[in-house]
Amino acid sequence: MRPVHSKIDKSFYGYFFIAPFFIGFAVVGLAPILYTFYLSLTKWDGFSDPVYVGAANYTRLLHDSFFYQTIGSTLVIWVMSIVPQLILALALALILNERFVKGKHFFRAIFYFPHIVTPVTLGVLFSLMFDWQTGSINKMLESIGLIHDPINWFNNPWWSRIIVASVICWQYFGFNMIVFIAGLQSISSEVYEAAAVDGATKGTIIRKITLPLLRPVFLFTFITSVIGGLQLFDAPLMLGDGPGNSTRTMIMYLYETAFKNFDYSYGSAIAYGIFIVVMFFTAITARASRLKD
Amino acid sequence: MRSGLTVSRTFVYLFLAAVTFVCLVPFYSMMITSTHANADIASKLLLWPGAELANNYERLTEAVNIWRGFANTVFISVTATALNVYFAALAGYGFSKYRFRYRGGLFLFVLGTMMIPGQLGIIGFYKVMNMMNLLDTYWPLLLMSLYNAFGIFLMRQFADASIPDEIIESGRIDGCGELQIFHRLVLPLMGPAIATLAIFSFIGKWNDFLTPMIILFDNDKQTLPVMIASVKSQFSSDFGAQYVGIVISVVPLLVFFSVMSRKIISGVAAGAVKG
């Protein structure tokens with residue numbers, strides 16, 4: 001029989017290797033999350049001591065029309081950005097996976113670049129470009145004769161939402177395209193050859209073979225984009241709340257409540273509210289994608 | 001038949017060219033506009049470079065110490081990336097090569113932390129850092145890079161596939177300690193995984209906005225993204241200065257990307273397939 005703590009058995013050392021993660025997680029991950037929950041049950045302005053108030057913040061949240069509005073705006077912006085984003089990414093991935101296309105790496109690099117640019121910077125850049133009186137977009141549309149008077153983009157709730165959604169779409173389609181190309185390249189070429197031997201046309205191959213085989217990658221992208229899309233913050237913050245708060249996202253509301261109005265305890269309740277909303281929509285998406293199988 | 005093929009290929013290239021145009025125009029417009037005076041920016045469509053870059057730059061740097069923010073961001077991004085990569089490699093290697101008790105469960109826990117939305121604990125994070133007297137220091141930003149579940153996942157995959165057990169055994173026979181084996185023998189072999197994770201981590205830290213904004217108060221400690229945001233409100237009608245700020249934020253990324261684009265894109269693809 002082998003002794004439990006033989007000198008050769010070094011398994012125990014593994015704990016030292018993984019310990020920093022768990023210490024880090026406890027201090028900057030778990031403790032803040034639990035503390036936020038505690039704060040959500042109190043009334044605290046940041047100066048005096050927090051006073052326990054039970055579920056009062058959550059009751060307030062359930063009747064907060066601003067909160068529901070931010071859920072709605074976030075969902076609308078997310079849907080308006082994710083649909084064109086995935087279609088564009090898929091189309092480009094299929095094209096760049098074709099053998100005849102030259103300069104593949106060049107196109108991939110150009111399409112991917114917006115994804116690594118600082119979102120705050122993009123927000124500022126696009127808010128300048130879409131400025132009503134001085135922005136280059138209106139100047140361009142006027143010079144090619146599409147419009148006669150400048151459009152006051154950020155004065156209209158739907159234009160504002162479309163602009164925010166377009167910026168998000170513009171920033172992420174390249175990333176999704178790279179993911180789709182990776183998925184396409186993992187499909188074995190034998191499948192295509194077999195189809196070509198059977199005389200299948202290009203369109204049939206794409207519909208009957210490529211898209212079904214790409215499904216898992218597509219779902220992965222969709223589910224991760226729910227989690228990411230519902231937490232939009234940096235770029236929308238720079239583009240502003242929009243008329244009647246029409247482009248205020250959930251995280252913007254959290255930030256404004258906690259760090260601008262210093263209502264930390266209600267902000268904490270909002271954080272948990274957002275958490276529930278995100279989990280809810282992630283579960284629905286995951287469920288819906290499983291039902292279709 | 002032949003001409004039909006040519007037509008469809010022409011359409012494909014036109015489509016690619018159109019998307020390329022949409023991707024590049026904002027950056028072109030940004031650089032061109034930053035070289036013009038405010039009066040011209042407000043009244044004309046600008047297509048060619050002007051001569052006002054130096055003046056715009058001067059007005060910006062008089063009010064905002066943007067290079068200080070740049071240096072701060074470089075310091076934070078580099079330090080946090082180094083910590084992030086080192087501890088991810090440490091834990092990934094630990095999970096890969098040591099058969100300790102509850103290994104499977106603990107690894108699942110690590111993966112589970114990826115599901116937590118980043119902003120859930122942000123208010124508590126602020127408060128906990130306040131209690132530890134770490135507000136207005138870089139410690140909170142560096143501490144956050146200690147825990148990176150995705151990095152551990154990536155490193156474990158790599159160690160499982162490419163670090164042979166024999167190397168570790170031979171190190172033990174030579175009398176090396178466990179940590180020494182990791183530093184001398186394993187870490188050099190993890191180069192490719194380290195490079196991939198370092199790129200992701202660096203870009204993430206470089207673009208980080210919310211955490212530095214709430215943790216740091218002193219303007220001289222602030223990071224570049226937060227400075228860009230404050231330039232927007234500070235220079236609300238000075239477009240030239242705002243554009244110069246944006247250019248300073250984008251151009252280094254553009255250079256970094258044009259040098260590293262192959263590595264970055266293959267890293268994204270590898271990370272996505274594994275995830």
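Residues numbered from 1 in each chain as written. Chains lettered and ligands numbered in written order. Predicted model: local features only at pLDDT ≥ 70, side-chain atom pairs only at ≥ 80, totals over all residues.

(A) Quick look at the overall build of chain B. Across its full length, chain B holds 14 helices and zero strands. Starting at the N terminus, the α and β elements of chain B follow one another as α-α-α-α-α-α-α-α-α-α-α-α-α-α. Compactness check: chain B gives a C-alpha radius of gyration of 24 Å against a globular reference of 19 Å for 275 residues, more than 25% above the reference. Dimensions of chain B along its principal axes, counting C-alpha atoms only, are 75 × 70 × 35 Å. Every one of the 275 residues in chain B was classed for burial, and the buried ones make up 43%. In chain B, once contacts between residues fewer than 6 apart in sequence are set aside, the share between residues at least 24 apart is 75%. (Helix = DSSP H or I, 4+ residues; strand = E, 2+ residues; numbered from the N terminus. Rg over C-alpha atoms; globule rule 2.2 N^0.38 Å. Buried ≥ 20, exposed ≤ 12 C-beta atoms within 10 Å, placed from the backbone. Contact = placed C-beta atoms within 7 Å.)

(B) Layout of the overall build of chain A. Tallying secondary structure elements over chain A gives twelve helices and two strands in all. Each helix and strand of chain A, placed in order from N terminus to C terminus, yields the pattern α-β-β-α-α-α-α-α-α-α-α-α-α-α. Taken over C-alpha atoms, the radius of gyration comes to 25 Å for chain A, far larger than the 19 Å a tight globule of 293 residues would show. Across its three principal directions, the C-alpha atoms of chain A cover 90 × 75 × 35 Å.

(C) Structural view of the packing of helix α5 (residues 119-129) of chain A against helix α7 (residues 157-185) of chain A. All names here are of chain A. At a minimum axis distance of 11 Å, the contact between α5 and α7 shows a crossing angle of 135°. When the interaxial angle is binned, α5 and α7 end up oblique. Like other packed secondary-structure pairs, α5 and α7 cross with a definite hand, here right-handed. Contact residues: α5 offers P119, L122 and F126, while α7 offers I163, V167 and Q171. Looking at the contact of α5 with α7 residue by residue, the class counts come to five nonpolar, one polar and no charged. (Axes fitted to C-alpha atoms, helices over the stretch in contact; angles between N-to-C directions. Parallel < 35°, antiparallel > 145°, perpendicular 65-115°, else oblique. Left-handed = near helix turned anticlockwise from the far one by under 90°. Nonpolar A, V, L, I, M, F, W, Y, C, P; charged D, E, K, R; others polar.)

(D) Inspection of the environment of G171 of chain B at higher detail. Residues and elements named next belong to chain B. Among the secondary structure elements, G171 is positioned in helix α9 (residues 165-173). On the basis of neighbour counts, which here come to 18 C-beta atoms within 10 Å, the residue G171 falls in the partly exposed class. Sequence spacing of G171 and F182 is eleven residues, and the spatial spacing of their C-alpha atoms is 9.4 Å. Beyond its immediate stretch of four places on either side in the chain, G171 contacts C176, I181 and L185.

(E) Examining the interface of chain B and chain A more closely. Of the residues lining the interface, 69 residues belong to chain B; the matching set on chain A comes to 72 residues. Ranked by the residues each element gives to the side of chain B that touches chain A, the list is headed by helix α14 (residues 239-274) of chain B, at 15 residues. A class-by-class count of the residues in the side of chain B that touches chain A yields 49 nonpolar, 13 polar and seven charged.

(F) Representation of the environment of I122 of chain B within the structure. Examined against the element boundaries, I122 of chain B turns out to sit in helix α6 (residues 122-131). For the pair I122 of chain B and T211 of chain B, spaced 89 residues apart in sequence, the C-alpha separation works out to 7.9 Å.

(G) Representation of the confidence of the model for chain A in the model. Looking at chain A as a whole, its pLDDT mean stands at 84, while 96% of the residues score no less than 70. Scored below 50 in pLDDT, residues 1-6 of chain A shows zero contacts in the model against residues more than four places distant or in partner chains. (pLDDT = per-residue confidence, 0-100.)

(H) Broad picture of the confidence of the model for chain B. Residue and element names in this part refer to chain B. Summing up the model confidence of chain B, the mean pLDDT is 86 and the portion of residues at 70 or higher is 97%. The least confident element of chain B, judged by mean pLDDT, is helix α2 (residues 38-43) at 74; the most confident is helix α4 (residues 66-97) at 92. Two summary scores accompany this predicted model of the complex, namely pTM at 0.86 and ipTM at 0.85.

(I) Structural detail: the environment of A80 of chain B. All names here are of chain B. For A80, the position within the fold is in helix α4. Residues A80 and L146, spaced 66 residues apart in sequence, show a C-alpha to C-alpha distance of 8.4 Å. Ignoring anything within four residues of it in the chain, the contact list for A80 reads L141, L142, S145 and K205.

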